[in-house]
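The lines below spell out each chain.
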Amino acid sequence: MPTNTLITRVLVALGGCAVAFFIILGVMAVLPRAVQDSLPPGVLGGAVVVLGVVAARRFTRRAR
């Protein structure tokens with residue numbers, strides 16, 4: 001049974017996005033209030049997508 005199926009890749013990608021989301025929320029929580037207010041709303045979403053894609057690519061690479 002292949003371990004690198006489409007559903008496995010999707011679940012890993014979703015897991016990567018979830019981890020990225022919580023990392024970004026943690027970083028945002030420790031920033032001063034003035035910095036939080038100055039960031040546009042799309043920064044959080046963009047950062048989560050980028051970190052999620054990076055994490056998903058890292059975990060879905062095949063062994064060489």
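Here the structure is a predicted model, which is why all the values come from computation and not from measurement.

Novice: So what's going on with the overall build of the protein chain? Which residues, and what values?
Specialist: Across its full length, the protein chain carries three helices and zero strands. Secondary structure elements in the protein chain, listed N-terminal to C-terminal, are α-α-α. Counting only residues that meet the buried cut, the protein chain has 11% of its 64 residues in that class.

Novice: Describe helix H1 (residues 6-30), listing the residues and the values that go with them.
Specialist: Helix length check: H1 (25 residues) gives 37 Å between terminal C-alpha atoms against 36 Å at 1.5 Å per residue, within 8%. For H1, the complete set of buried residues consists of Gly16, Ala20 and Ile24.

Novice: How would you summarise the confidence of the model for the protein chain if you had to cite specific residues and measurements?
Specialist: The share of residues in the protein chain with pLDDT of 70 or more is 83%, and the mean pLDDT across the chain is 76. Averaged pLDDT values for the elements of the protein chain fall to 74 in helix H3 (residues 42-60) and rise to 85 in helix H2 (residues 33-38).

Novice: So what's going on with the environment of Arg9? Residues and values would help.
Specialist: Note that Arg9 resides in helix H1. A relative accessible area of 36% places Arg9 in the partly exposed class. Along the sequence, Arg9 and Arg57 sit 48 residues apart, while their C-alpha atoms lie 9.2 Å from each other.

Conventions and cut-offs
Residues numbered from 1 in each chain as written. Predicted model: local features only at pLDDT ≥ 70, side-chain atom pairs only at ≥ 80, totals over all residues. Heavy atoms only, no water. Helix = DSSP H or I, 4+ residues; strand = E, 2+ residues; numbered from the N terminus. Buried < 20%, exposed > 50% of the residue type's maximum accessible area, 1.4 Å probe, protein only. Expected span 1.5 Å × (residues − 1). pLDDT = per-residue confidence, 0-100.

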